[in-house]
Amino acid sequence: MVKIAITAASGKLGSEIVNATGLVIGQENVIGLARTPAKATHLGVEVRQGDYNNREALAASLQGIDAVLLVSGIDAPDKRIGQHRNVIEAAKTAGVSKIVYTSVQGADEGTAFSPVIQSNRQTEQDIRDSGLQWVIGRNGIYIEPDVEYIETYKQAGEIANCAGAGKCGYTNRSELAYAYARMLTEDKHNSKNYNLHGEAITQGELAEYLNLAFGTQLTYRTMTVEDYRRDRVAELGEFFGTVIAGIYEGIRAGAVDNPSDFLAAAGRAHQRWQSYFMHLKQASDSSGNAC
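Residues numbered from 1 in each chain as written. Predicted model: local features only at pLDDT ≥ 70, side-chain atom pairs only at ≥ 80, totals over all residues. Heavy atoms only, no water.

## Examining the packing of helix α9 (residues 225-236) against helix α10 (residues 238-252)
So, point 1. At their nearest, the axes of α9 and α10 sit 7 Å apart, and the two run at 145 degrees to each other. Once α9 is placed against α10, the crossing between them reads as right-handed. Facing α9, whose interface residues are V225, Y228, R229, R232, V233 and L236, α10 presents E238, F240, G241, T242, I244, A245, Y248, E249 and R252.
So, point 2. Looking at the contact of α9 with α10 residue by residue, the class counts come to eight nonpolar, two polar and five charged. (Axes fitted to C-alpha atoms, helices over the stretch in contact; angles between N-to-C directions. Helix = DSSP H or I, 4+ residues; strand = E, 2+ residues; numbered from the N terminus. Left-handed = near helix turned anticlockwise from the far one by under 90°. Contact = heavy atoms within 4.5 Å. Nonpolar A, V, L, I, M, F, W, Y, C, P; charged D, E, K, R; others polar.)

Quick look at the structure:
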């Protein structure tokens, strides 16, 4: 049986992929890599050292591994490229045969998020040039942060950002994990790039889905890019505020309204948003009844 390593195993996406891959090949064949291994021991798999800044330790941790999933890092773009190269080179040194990368969709140019996209595109090219078997997934925008933000939306009575009428190919971590488990374990995906997201929706449609799930009456208000950037910077600081505004500017420009390859990657369709939000509604109703 093949051995598969998942980087950033203590993170939200990495841990989901560890669990999904374990269901396919057995937990005993999944290795978690984490900068702080103690934070991933709850996953029930072997966990090894996996700091993107330490190529030698990565090479040691990847001994005996057949395929590795590289979860895109969260450092600044200029640092991220080198960190990802450490994982790629460590995989080659250790004799890993396949690397799968969690990239992202977005505007290559013209937004404050574009430097992040450009760094991901560089890693994609580094992987293609590595000599290893490879698969690249370009994730859509996570929908979970909007769900987690619901109390703030309730207080405001609205969703307000600079996406305008642009559609966004949203996804969620459990659906991504399902797809990546298959991309890691099925050779038919090798040498392919996949856009991984569900049905693209507008911010107005997102508001309607949140209303369905939480019984709210949210509306959507569009803002200029600059006004939204100022709003985000005031709350999140210069770096993160600017990046978040850049993501929504990309939505406005249509950069995340792309054809989805989720069916080809996962072997089944992405969960429909009606179903996703109905499940949230049922969970919310059950929680309310329990109180």
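## Points about the sheet that holds strand β11 (residues 200-201)
So, point 1. Taken in spatial order, the three strands line up as β7-β9-β11 in an open sheet, and their pairing is mixed. A single partner strand is all that each edge strand has here, and the edge strands are β7 (141-142) and β11.
So, point 2. Pairing analysis gives two bridges linking β7 to strand β9 (residues 168-171), with the strands arranged parallel. Bridging across to β9, Y142 finds its partner in T171. (Pairing = 2+ DSSP bridges.)

## Some remarks on the pairing of strand β2 (residues 30-34)
So, point 1. The buried fraction of β2 amounts to five of the five residues, a majority that puts the element mostly inside the structure.
So, point 2. Judged by which residues are buried, β2 turns out to be covered on both faces: V30, G32 and A34 on one side and I31 and L33 on the other are all buried.
So, point 3. The pairing of strand β1 (residues 4-6) with β2 spans three bridges and is parallel. Across the sheet, the residue bridging to I6 is G32, located in β2.
So, point 4. Regarding the hand of the β-α-β motif, the stretch spanning β1, helix α1 (residues 12-25) and β2 is right-handed.
So, point 5. Bridge analysis of β2 against strand β3 (residues 46-49) gives four bridges, and the strand direction is parallel. (Buried < 20%, exposed > 50% of the residue type's maximum accessible area, 1.4 Å probe, protein only. Right-handed = clockwise from strand over helix to strand, strands pointing away.)

## Overview of the packing of aromatic side chains
So, point 1. According to the stated counting rule, one finds seven aromatic pairs in the structure shown.
So, point 2. Measuring from ring centre to ring centre gives 5.4 Å for W273 and Y276, while their planes differ by 90 degrees; the resulting arrangement is edge-to-face. In this pair, W273 and Y276 both sit in helix α12 (residues 273-290), three residues apart, roughly one turn of the helix. Across the pair, Y276 and W273 agree in class, each one buried.
So, point 3. Summarising the aromatic geometry, the rings of W273 and F277 are spaced 6.5 Å apart at their centres and angled 55 degrees between planes, so their arrangement reads as tilted. Of this pair, W273 and F277 both sit in helix α12, four residues apart, which is roughly one turn of that helix.
So, point 4. Taking relative accessible area as the criterion, W273 reaches 0% and is therefore assigned buried.
So, point 5. Members of the aromatic cluster, connected to one another through ring pairs, are Y209, W273, Y276 and F277.
So, point 6. The residue whose ring lies beneath R173 is Y142, and the NZ or CZ to ring-centre distance is 4.5 Å.
So, point 7. A cation over a ring is seen here: R268 above Y178, with NZ or CZ 3.9 Å from the ring centre. (Phe/Tyr/Trp six-rings, centres within 6.5 Å; stacked < 30°, edge-to-face > 60°. Lys NZ or Arg CZ within 6 Å of the ring centre and 35° of its normal.)

## Regarding the pairing of strand β4 (residues 67-71)
So, point 1. Along β4, five of the five residues are buried, which leaves the element largely enclosed by surrounding structure.
So, point 2. Every second residue of β4 is oriented toward a common face, with A67, L69 and V71 on one face and V68 and L70 on the other, all of them buried.
So, point 3. Sheet topology places β1 next to β4; three bridges connect them, and they run parallel. Looking at β4, one finds that I4 is bridged to A67.
So, point 4. Taken together, the five bridges between β4 and strand β5 (residues 98-104) define a ladder with parallel strand orientation. Each residue of the ladder has a partner; that of L70, found in β5, is Y101.
So, point 5. Traced from β4 through helix α3 (residues 77-94) to β5, the parallel crossover comes out right-handed.

## Looking at the nonpolar core
So, point 1. L62, M183 and L196 are the most contacted members of the largest nonpolar core, which has 53 residues in total.
So, point 2. Among residues more than four places away in sequence, those in contact with L62 are A5, L33, R48, V68, V87, A90, A91, A94 and V96.
So, point 3. Ranked by size, the runner-up nonpolar core spans 32 residues in total, among them I117, I141, I150 and I159. (Core = buried A, V, L, I, M, F, W, Y, C linked by side-chain atoms within 4.5 Å.)

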